[in-house]
Amino acid sequence: MKNVELTKEMFEEQIKSYIKKEDSLALIEKAYNYAKEKHEGQFRKSGEPYFVHIQAVAYELAKLHVGPSTICAGLLHDVIEDCDVTGEEFISIYGMEIYMIVEAVTKIGNLKFADEKEYQAANHRKILMAMAKDIRVILVKLCDRLHNMRTLEFMRPEKQKRIAKETLEVYAPIAHRLGLAEIKNELEDLCFYYLDNEKYREIAKLVENKKSERDLQVNQMIDDISKLLTEHNLPYRIFGRSKHLYSINKKMVQKGKRFEEILDLLAIRIITQTELNCYEILGYIHATYRPIPGRLKDYIAVPKMNMYRSLHTTIVGNDGRIYEIQIRTEEMDQVAEKGVAAHWAYKEGNYDSHLEQKEIVKELDWLKAFKEDELDNASNYMDTVIGDVFNANVYCMTPKGRVIDLPVGSNPIDFAYRIHTEVGHTTVGAIVNGALVPLSTVLKTGDVVEIRTNKNSTPSEDWLKIVKTTGAKNKIRLYFQKKEQEEKETLVKTGEEMLKQDMIKRGVDVEEYFDKEKLEKLFNFFRTPTYLDFMYSIAKKSLSTSSVIEKLVKLGKKELDEDLLQQIVEKNKSKSKAAHETSKSGVTVKGITGMKINLAPCCAPIYGDEIIGYVTKGQGIKVHRADCPNILKEKSRLISVEWDEIKPEHKFEANIKIFSKDRAYLLTDLITCISQFKANMLSVNISVNQEDLTATASLTLSVNDVEHLNTIMANLRKVNSVISVERAVK
Ligand code: MN
């Protein structure tokens, strides 16, 4: 693998073959001399002056016919990294455009995919494309990599393997995507050489051995076809073509074939003028030689996803051998070899034009057009290349070059939590690209982010409003939940102490009344579900010690026992709707005792509802909700009633009606919601109106009191597709 020595004359000749403007040529000349001077005294591992590499990269770019800015970027791609040239100096001489390309190339060079776990070729490719933003960056990077691969023999064997593997998995596919066939093929063969040297030599030998024989055959065929095309007055250029070794090996492995069995080893390419000429040539060839069925590919009508266009056919020659023929126009051939770059050049019809970002975007629009009337391939291409390049994620880096990918709109807090939860929790500031920025700063691809932490610092609740990633959100929430729980736990002691102190102050016997069992009787009344919450409320002063002590003393020891008894009796009674007795209706009538008091089943009042009594004939007092329509007529027999001061232990039956749009799992969702609030469902009846697809559910719930019911109803209203929830009256 010896390289021909590249001279300045060769480079200039290549440049001048397509760049004609004087100022462009002058700029390139300036960059050439500048780079040469800056790299003076530097040498590569091969022992050659460093500038040999620079010139080779720029030469490869020139072969792609890229614009002068890109050529300059190629010449200058290592001066910032290796020659201590500052950004300011660079920009003052070459301007922002070239600087941006060089900076992105440098950044990509510094990416680290250190550990195996983090390294995923597909990811690496994506990140590269996204970081490049401007396809010119990728072109420079590919030419840089190409020359580095050509000179890989001077590296240590492990490094050779690592770089070859990365090139094969990351850079060759990118070259392929962009249609840069020449570069792709060379990269693949170089990788093959280093990754499986034995196999490489074996195939190289097979190709070599067959070469003279094959050349003879191919030349004969070329003569025959030439005669045919000349007879028909068709313009053409014709030549034989050899497959690169890597692809021969790939075909052998993938299709399980021997070397001799690979059909397109004998390949001929015909270049002509117009699309029509292509089809004409195909017609004459098919009329003269027997085509092999199923081998005709019309990539002119249906281009490949990397814009490749050509006709392919396979025929049996006069000698009985099989030949693959490719037919294409000059332009198609350029696109096939130079991909993306060639396409622009042709489109602009002006080799002097820069490959501007604008043009790239315009180019992508052109691609979009072929997405619409085209197959999945094209849309995949769109998604992967364009999507990755211009929007998808943002890729930021730690100062050490570790890549962190984040959704668009993320800020340094998201970044910090992605590094580590502890880093997130203790973040105090962020330095992005060397400057201190607010934590709400939206990060961009390529940003180098350094997180400042302080081990005594804690998250702020405001972060919840600005973070983008759910990961960060959850970690912050979890932090505050944990903190609240811890706070509650420490405040329990404070609550207990406050209660005891007030008891002493009021002369209440602490020994007797500060009793967990007794206190528990009060939880329901004060709506604190646990001892922890109860004491926490006292400590937070949302519950006054005086009201607690009052209730506690009122309950008294004897009453508590009766209460307990009442509970046991209740539990033993059947759960069916036995008439509610005075004692268990929870209602008292001022000045009246010993009268039967029942809760009216029509409106089913529950503890806490506004209520009114109705004196029945011989059945005691029926208690209705104050707004029950059934009592409005009989005003003379109404009597004022009120709920017992201490809430009864038993549950109340409440009827509710839910009106909703019908959908799958509606009932399941309703039941889940109800059970979350620890209410039993005693009956359910759901009916669906098929005409407007609405559902009406009538439910009977067993609840503690009106507040409990209101909470449940409020939450039922939040269930997806529910329209209304109301208390029902029978
Ligand atoms: Mn380089």
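See above for the structure.
Computed from a predicted model, the values in this text were never measured in an experiment.

### Topic: the overall build of the protein chain
Argument step 1. Each helix and strand counted, the protein chain has 29 helices and 21 strands in total.
Argument step 2. The long-range share in the protein chain, meaning contacts at least 24 apart out of those at least 6 apart in sequence, stands at 65%.
Argument step 3. Carbon together with sulfur atoms contributes 51% to the accessible area of the protein chain, which is approximately 38000 Å² in total.

### Looking at helix H13 (residues 275-288)
Argument step 1. Here H13 is 14 residues long and its end C-alpha atoms lie 20 Å apart, about the 20 Å a rise of 1.5 Å per residue gives.
Argument step 2. Buried within H13 are the following residues: Asn-277, Cys-278, Ile-281, Leu-282 and Ile-285. The buried residues of H13 all sit within an arc of 140° when viewed along its axis, so they share a single face. Facing away from the buried side of H13 by more than 90 degrees, the exposed set consists of Leu-276 and Ala-287.
Argument step 3. Packed against the buried residues of H13 are helix H11 (197-231), strand S2 (267-272), strand S5 (311-316) and strand S6 (322-329).

### A look at the nonpolar core
Argument step 1. Membership of the largest hydrophobic core comes to 63 residues, with the highest contact counts inside it found for Phe-11, Ile-71, Leu-75, Leu-76, Phe-90 and Met-149.
Argument step 2. Secondary structure elements with two or more residues in this core: helix H1 (8-16), helix H2 (22-38), helix H3 (51-63), helix H4 (68-75), helix H6 (87-110), helix H8 (135-150), helix H9 (157-177) and helix H10 (181-195).
Argument step 3. Val-587, Tyr-607, Ala-654 and Val-719 belong to the second largest nonpolar core, which has 32 residues in total.

### Some details on the coordination of the manganese ion
Argument step 1. Bound to the manganese ion are the protein donor atoms His-53 (NE2), His-77 (NE2), Asp-78 (OD) and Asp-144 (OD), situated 2.2 to 2.5 Å from the metal.
Argument step 2. One chain supplies every donor for the manganese ion, spaced along it as H-x23-H-D-x65-D. Of this pair, His-77 sits in the loop between H4 and helix H5 (79-82) while Asp-144 is found in helix H8, placing the two residues 67 residues apart along the sequence.
Argument step 3. With a relative accessible area of 1%, His-77 lands in the buried category.

### A word on the pattern of salt bridges
Argument step 1. Taken as a whole and assessed by the stated rule, the structure comprises 23 salt bridges.
Argument step 2. Of the charged contacts in the structure, one is a salt bridge between Arg-136 and Glu-97, with a shortest N-O distance of 2.6 Å. Linking Arg-136 in helix H8 with Glu-97 in helix H6, this pair joins segments that are 39 residues apart in sequence.
Argument step 3. For Arg-136, a relative accessible area of 3% gives the class buried.
Argument step 4. Overall, the relative accessible area of 29% leaves Glu-97 in the partly exposed class.
Argument step 5. Between Arg-269 and Asp-333 there is a salt bridge, with its nearest N and O atoms 3.4 Å apart. One end of the pair, Arg-269, is in strand S2; the other, Asp-333, is in helix H14 (residues 330-338), with 64 residues separating them in the sequence. As far as burial versus exposure is concerned, Arg-269 and Asp-333 are alike and both buried.
Argument step 6. Counted as one network, the salt bridges with shared partners bring together Glu-60, Lys-63, Arg-150 and Glu-186.

### Remarks on a nonpolar patch on the surface
Argument step 1. Residues Leu-667, Ile-671, Val-684 and Ile-686 make up a contiguous nonpolar surface patch of roughly 260 Å² in combined accessible area.
Argument step 2. Of all the secondary-structure elements, those providing two or more residues to the nonpolar patch are helix H28 (666-676) and strand S19 (680-689).
Argument step 3. If you trace the backbone, Leu-667 turns up in helix H28.

### Some remarks on a positive patch on the surface
Argument step 1. Together, Lys-255, Lys-257, Lys-297 and Lys-304 line one region of the surface with positive charge.
Argument step 2. On the secondary structure map, Lys-297 appears in strand S4 (residues 297-298).
Argument step 3. With a relative accessible area of 36%, Lys-297 lands in the partly exposed category.

So, how was this worked out
- Counting starts from 1 at the beginning of each chain's written sequence and moves along it residue by residue.
- Since the coordinates come from a predicted model, pLDDT governs what is reported: local features require at least 70, and pairs of side-chain atoms require 80 or more to be given and counted, while whole-chain, interface and lining totals use all residues.
- Excluded from the side-chain calculations are hydrogens and water; all other atoms, namely the structure's heavy atoms, are used.
- Only runs of H or I of at least four residues qualify as helices and only runs of E of at least two qualify as strands under DSSP, and these elements are numbered from the N terminus.
- Note on contacts: a residue pair is in contact if any heavy atoms of the two residues lie within 4.5 Å.
- Each accessible area value is a Shrake-Rupley result obtained with a 1.4 Å probe; residue values ignore everything except the protein chains displayed when judging cover.
- A helix is expected to span 1.5 Å for every residue after the first.
- A simple rule labels every residue: compare its accessible area, found with a 1.4 Å probe on the protein chains alone, to the largest value its type can have, and call it buried under 20%, exposed over 50%, or partly exposed in between.
- The arc in question is formed by the directions pointing from the helix axis toward the C-beta atoms.
- As used here, the term nonpolar core means buried Ala, Val, Leu, Ile, Met, Phe, Trp, Tyr and Cys residues forming a set that is joined through side-chain atoms within 4.5 Å.
- For Na, K and Ca the donor cutoff is 3.2 Å, while for all other metals N, O and S atoms count as donors only within 2.8 Å; water does not appear among the atoms, so some sites may look incomplete.
- Should a side-chain nitrogen of Lys or Arg be within 4 Å of a carboxyl oxygen of Asp or Glu, the pair is scored as a salt bridge.
- In this analysis, a patch consists of residues with relative accessible area above 30% that form no salt bridge, clustered at 9 Å for like charges and at 5 Å for the nonpolar side chains Val, Leu, Ile, Met, Phe, Trp and Tyr.
- Within this scheme the basic residues Lys and Arg register as positive and the acidic residues Asp and Glu register as negative, but His and the chain ends are omitted.
- The atoms used to mark charge sites are NZ of Lys, CZ of Arg, CG of Asp and CD of Glu.

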